[in-house]
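Here are the chains, one letter per residue:
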Amino acid sequence: MIRVSPQFRISFGLVLLTISILLVGDLFGLVPNRADALLDARKKVCESLAVLFSSAAQKNDFSSIEESIRAAVARNDDILSAAARTAKGELLIAAGDHQRHWGDFSSEHSTSTHVFVPIFQGDQKWGSVEVRFASITLADPIGYLRNSMAGLLIYVAIAGFLAYLFMIRRVLTVLNPTGAVPDRVKSAFDTLTEGVLLLDESGLIILANDAFMDKTGKSEEALVGKNPADFDWQQRRADESNQKFPWALALEEGKTQAGHALTLKTDSDVITFMVNGAPILDEAGKGRGVLVSFDDVTVLEKKNTDLKKALGKLKKTQEIITRQNEELQFLVSRDPLTGSLNRRAFFEEFEAAFTTARQNNEPLSCIMVDIDHFKAVNDNHGHSMGDDVIILVAKVLENFSRSEDRVGRYGGEEFCVFLPNTTIEQAALVAENLRSNLFSEAKEEYKSVLRITASLGVSCISDAVATPGELVNQADNALYVAKETGRNRVIQFSEDGSASARAQIDVHEEQANEAFLFEKSEAHDVESEEVKALKERVLELEVAIEKNTLELEYKSGHDEVTELPNRLLFHDRIEQALIRGKRFRTIFAVLSIELDMFKRINNTLGHVVGDKVLRCVAERLAKELRGLDTVAVMGGSDEGDSTVSRIGGDEFGVLLSDLDKIDSVTWIVKRIIRSLTERMEIDGHNIFINCSIGISLYPNDGETAESLIRSASMARHHSKYQLGRNKYQFYSEEINEVSLKQIKLEAELQTAIEREEFILHYQPKVDLRTGKISGMEALVRWQSPKRGLVPPFHFIPIAEQTGLISQIGEWVIKTACSQVKTWLEMGIENARVAVNLSVVQLRKRDFAERLIALLQEHEVPLQYIELEITESVIMQNITTAVDTIEKLHDAGIKISLDDFGTGYSSLSYLKRLPIDTVKLDRSFISEITTDTNDAAIVSSMIELSHSMGLKVIAEGVETQEQLDLIRSLNCDELQGYLFSKPVIAADATAMLKDNVVMRLVE
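As a convention, each chain's residues are numbered from 1 in the sequence order in which they are written. Where local features are concerned, this predicted model is filtered to residues with pLDDT of at least 70; where side-chain atom pairs are given and counted, the filter is 80 or more; whole-chain, interface and lining totals use all residues. Water and hydrogen atoms play no part in the side-chain values, which are based on all heavy atoms of the structure.

(A) Geometry of the packing of aromatic side chains. Aromatic rings from Phe, Tyr and Trp, taking only the six-membered ring of Trp, are treated as a pair when their centres fall within 6.5 Å; an angle between ring planes under 30 degrees marks them as stacked, one over 60 as edge-to-face, and anything in between as tilted. This model, assessed by the stated rule, comprises 21 aromatic pairs. Measuring from ring centre to ring centre gives 5.8 Å for phenylalanine 347 and tyrosine 410, while their planes differ by 65°; the resulting arrangement is edge-to-face. On the criterion of sequence distance, the pair formed by phenylalanine 347 in helix H12 (residues 343-360) and tyrosine 410 in strand S11 (residues 406-411) is long-range, its members being 63 residues apart. We call a residue buried when its accessible area falls under 20% of the maximum for its residue type, exposed when it is over 50%, and partly exposed in between, using a 1.4 Å probe and counting protein chains only. Using a relative accessible area of 5% as the deciding quantity, one classes tyrosine 410 as buried. Geometrically, the ring pair formed by tryptophan 782 and phenylalanine 795 is edge-to-face, given 5.8 Å between the ring centres and 80° between the ring planes. Placement of the pair is tryptophan 782 in strand S23 (residues 773-784) and phenylalanine 795 in helix H26 (residues 792-802), with a sequence separation of 13 residues. For the pair formed by tryptophan 782 and phenylalanine 795, the shared burial category is buried. Grouping aromatic residues by their ring pairs yields a cluster made of Phe212, Trp233, Phe245, Trp247, Phe273 and Phe294. Any Lys NZ or Arg CZ found within 6 Å of a ring centre and within 35 degrees of that ring's normal is scored as a charge over the ring. Positioned over the ring face of phenylalanine 231 is lysine 218, at 5.3 Å from the centre of the ring. The ring centre of tyrosine 977 lies 5.3 Å from the NZ or CZ of lysine 981, which sits over that ring. Here a strand is any run of E in DSSP of at least two residues, a helix any run of H or I of at least four, and the numbering for each starts at the N terminus.

(B) Here's a closer look at the side chain of glutamate 866. Checked against the element boundaries, glutamate 866 lands in strand S26 (residues 865-870). Only 3.3 Å separates the side chain of glutamate 866 from the side chain of lysine 765, close enough to count as a polar contact. Here, two residues are considered to be in contact whenever any of their heavy atoms come within 4.5 Å of each other. Beyond its immediate sequence surroundings of up to four residues, glutamate 866 is in contact with Lys765, Arg832, Val833, Ala834, Val835, Lys894, Ser896 and Thr917. Two N or O atoms count as a polar contact when they lie within 3.5 Å, although within protein this holds only if one can serve as hydrogen donor and the other as acceptor, and sequence-adjacent residues are included solely when both atoms are side-chain atoms.

(C) Layout of helix H29 (residues 847-857). Where H29 is concerned, the buried positions are Phe847, Ala848, Leu851, Ile852, Leu854 and Leu855. Summarising the axial view, the buried residues of H29 lie within an arc of 160°, below the 170-degree limit, and thus occupy one face. Along H29, exposed side chains directed more than 90 degrees from the buried face belong to Gln856 and Glu857. Glutamate 859, located one to two residues past H29, shows a positive phi value of around 55°. Working note: the arc is built from the helix axis to C-beta atom directions.

(D) Molecular detail of the sheet that holds S11. Here we have five strands laid out as an open sheet, ordered S11-S12-S10-S13-S14, and mixed in their pairing. Bordering the open sheet on either side are S11 and strand S14 (490-492), each of which pairs with just one other strand. Averaged over all pairs of adjacent strands, the angle between their axes in this sheet comes to 20°, without regard to strand direction. Bridge count between strand S10 (residues 364-371) and strand S12 (residues 414-420): seven bridges; the pairing is antiparallel. Note on S12: the bridge partner recorded for cysteine 366 is phenylalanine 418. Those strands touched by H12 are S10, S11 and S12, and its axis lies near 130° from that of S11. Here an angle of 0 to 180 degrees is reported between the N-to-C directions of two axes, which are lines fitted to C-alpha atoms, with helices fitted over the stretch in contact. Strands S10, S11, S12, strand S13 (454-460) and S14 of the sheet are contacted by helix H16 (residues 468-484), whose axis makes an angle of about 140° with S13. Strands are treated as partners if at least two bridges between them are detected by DSSP.

(E) A look at the environment of glutamine 234. Positionally, glutamine 234 belongs in the loop between helix H9 (220-223) and helix H10 (246-253). With relative accessibility at 42%, the residue glutamine 234 sits in the partly exposed group. A C-alpha to C-alpha distance of 9.3 Å links glutamine 234 and threonine 272, two positions 38 residues apart in sequence. In this view, glutamine 234 contacts Thr263 and Lys265; residues no more than four positions away in its chain are not counted.

Okay, structure coming up:
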C-alpha cells in the first residue's frame, strides 16, 4: 500500500479549500467572467459601426463606410464578416463572405458570435449592422483554458499544491518538531541510559534523549530534523554495504528490528552500538515513525576482542601442553639408552594384552633375553662399549620382531618381549630368529673384537599362569636353563624343567613382582601402624622422585629457548623413523635448516631479540608443518607426521616421516622457506631472515640417525655456496637434479596458465547397444612452445601439488562449456561432455556453487556436463567430497566414478555417493581375455553396478576380443582406441555431426 505523508494530505486539502472558495465566488458573480467581458467589447465595436452607418445613412454616403468595414474585417482576426442590412433585409454593404458566416441566424438577441445593432434614421429603424465574430468555444484547448474558469481552477490546483507543500515542509524544518512531543514523554526518555531517537515517517529525527546526545557529543539542534543515516557510521561490512539501516527496515517492513551492530565515529571516539528499531503505527496499521534505541556495547566489544585474544593464547598454550605431553609420554615410556619401552610402560601394555588373551582364550607368549657374559664386556672394554652392545641388542629386537610384538628393557642387560596371539612353538621360532640375527649383526659390527651372543627363554600363557609376572617368571626360568646349558640358545619353559631352573624361581619371582607393584596383593598381612606409616612415607618419596625425574627427563630432551625437542630427542625420533622405515619399507626426509647471518642479529640487537627470533622461527616451522597440504604428504591423510627440533645455535632440524613420494619434499621445503622469510616484527624492529636448507632421504642417503643428520648438514653447507639466498640442496645429486627440473617445469606451467597454452582433446564414448556416440570425455593437453604437446601425467601432479590445478581445472570447464554450447547450437543432441575433477578442486567447499554458476553463465544445461571423480580423490576428504557431490547431483549434473575397482572402499562409495556411472579401470580390461580372474571381477562389478541402477563404462578397449567379451557381460558403454583416440575439437565435431557408428559385430 502506498503511504501518503501528512504534508501531502494537508497541501491537497488546502488546494480543495481554495478551489471551493473560487467556485462560491463565481456563483455569486464575484469572479470576473472573461466571456461576458468579451461580449461587451464586441457590442461596443458593433455600436461604433452602427453610429458610422447612421451618419452615412443621413448623408446617403456609404462608400467610406464600406471601406471601414472591409478594413475592420481584414485587420481583426476575431471578426469573420460584417454587413449593413436594411430593414427590408437587403444587404447594402458586406465584407468577409458574410452570407456564409451569418447563415440563417434570425434571433432577436445578439450572441457572443452573432452581434447586430439597429440603425435609426430619425425615429424610424432604417436597418442594422451585423458582425459575425469567431466562436469562443471553438478556440484551441490552451486558449480555452486561458479564457475559462476551468483553466483558472487547474492553475490554482497545481500551483497552490506545490506552494502549500513547499511552505509546510519549510515550516516543519524551521520550527522545532520536538514541541509536538509532550515534556513528560521527553523526560521519560531522558531517564534511560540507552540512547533513544524518535524518527518521523520520513526517517528524520524529531527527538533525541540526553543519553544519545552525551554519547555522540551532538547537541539537540544538530540532531533534530536530520537523517541518522547521514551520520559517520564506520562498521558496514562488505556483505552489508547494500543493506538498509535497522530504522529504515522498521519503517519499510513495519516489524521490529533487533540486534544490529553499528559503529559510529564521533569527534572524540569510536562507539559500537547495538541498535534496535520499533515502528510506530497508527490505527490503520500504517507506519508513522520509528523508535530507535542505541545500546553502547563498546566496552563489551573490547572485552570480547580481549577474550578472543586470550582464547587464542589459551589454544596455543594447549597445543604446547599437548606437544609437551606427547614428548613427556615418550620420555616416560621409553628407556633413555635404547629407546625401547621401559619396564613400567612395557608391563602396562603387557597387562592389557594378558587380559585380552584371557578374555578371548587366545595364546600369549613371552621371551626373556639376556646378553651372555655382559659383565666381561663392561670389565674388559668399559661401560661405554657395554652401552653400545645394549643399544645393538635393542635395535635387533625391534627390527626383527614382528610389528605386533612389543619389546621392553627389563633391566641391565635383560630384555623382555611379549607376542600376542602366539603359541610357544611360534614364539620359539621368533626367538631363534632374534638370536641368530643378533649374532650376525654383532659379528658384522664388532668383527673380531667382541663376540656377542644372547640366551633366550620362552613361555606361553596357560591355566596355571594367573598374572603377567608369573609368565615372565616362567620365561626367566627357561632363560636360566639356557644359560646353564651352554648359552647362545633358546629354551622353552616346561613344567618338567631342571632343578637348577627351579632353584631360581624365588629369586626371579621377586624380580618380576617388582614390575607389578601396582597389583593388589591377594594376601593381606597384618601390619603395624609404624610399618604402615613408613610405607606411606616411602610412597610419598617415590611420587616426589618420580615427578622430579619426569621434569628432568623433559628438560633433558627439550631446548630451553624454543621449547622444541633438542638434538637428543631429535636423534631418537629419527631412530624410531628408521625402525618403521625398515619394517614397513617407508621413506622419510631429514632437513637441516640454518638461519643465515643470525650472529649479526645477536651482535647488533642483543641476545634477547635473538632468542625471540628463534622462538618466532620455531612457531612458524611448527605451524607450517601442521598445515601441510594433503597432496604433498602422507598420501592423502589429514596431517603429516613431522618433528621440529632445535639442533643447536641457529640450526633447526625437521623430520618428515611416512612420505608418499620423494617429490613431495620439494614443495614442503618451498613452503618452509616462504614462511621463514616473511617479515618479523620484534620489539619494534622489522627483521628479515634468510635460510639455507639441506635435505637427506632415507634410505638413499643413510641408514642411521647420525649419517642422515650428517648428510643433511653437508647438503645445507653446499647450498650456502649457491648464488642467491634461501637456497636448498638435496644430498643426492640425482634427486637434486629432479627437483630443479620440477621447479623449472612449475615456472613454465605458471606461464602456460597465463598464456592459456592448453588445448582440449575429446575421446568419444560409445553406446554398446546402438554403436552410436553417447558423449565425449574432455582431456587437457599442454601445448608448450618449448616442450611440444605435453601429456597430462607429466604436469598434472605438479599442478596439483602447487595448487595450479584450480586454474587449469577452471579453464577446462569453461572451454568444455563453450564447446558444448557450440554443439547444441549446431543441433547435435549427444553433446554431453565429461570433465575430470582433481582433489584440490573438490576440497573447496564452495566448488559446487561456483561450478553451477559457471554453467549457468555459459547457458549450458546441467545435464550436458558429467564430472568424473576417482576413488583416490574422494578419499582425500570424504566428508567434503560427499557434501559437494550431493549438491552437484541434486542440481542435475551427472557423476561418474572413474578407475572403479582400483581402490579399497569402492562398495562403501557406491552406497554413500549419488553416482550415476562407474568406469571400469583399464587395468581390468587389458587382460580380460587372457586372465579369467579379471573377467570374473569385471562380470561381478557389472552385475553389482546394474543391481544398484548404475551405468557401466569400460575404459581402454583396444581389441575386438575385448569388445565382444564386455558386450557379452552386458556392459553399457565403452571408451578406447578400438573406436577412437582422443582427438581435437574439430575432429570430434565432425564425428558427432556425421553420426559415426561403431561396428559392434566382427
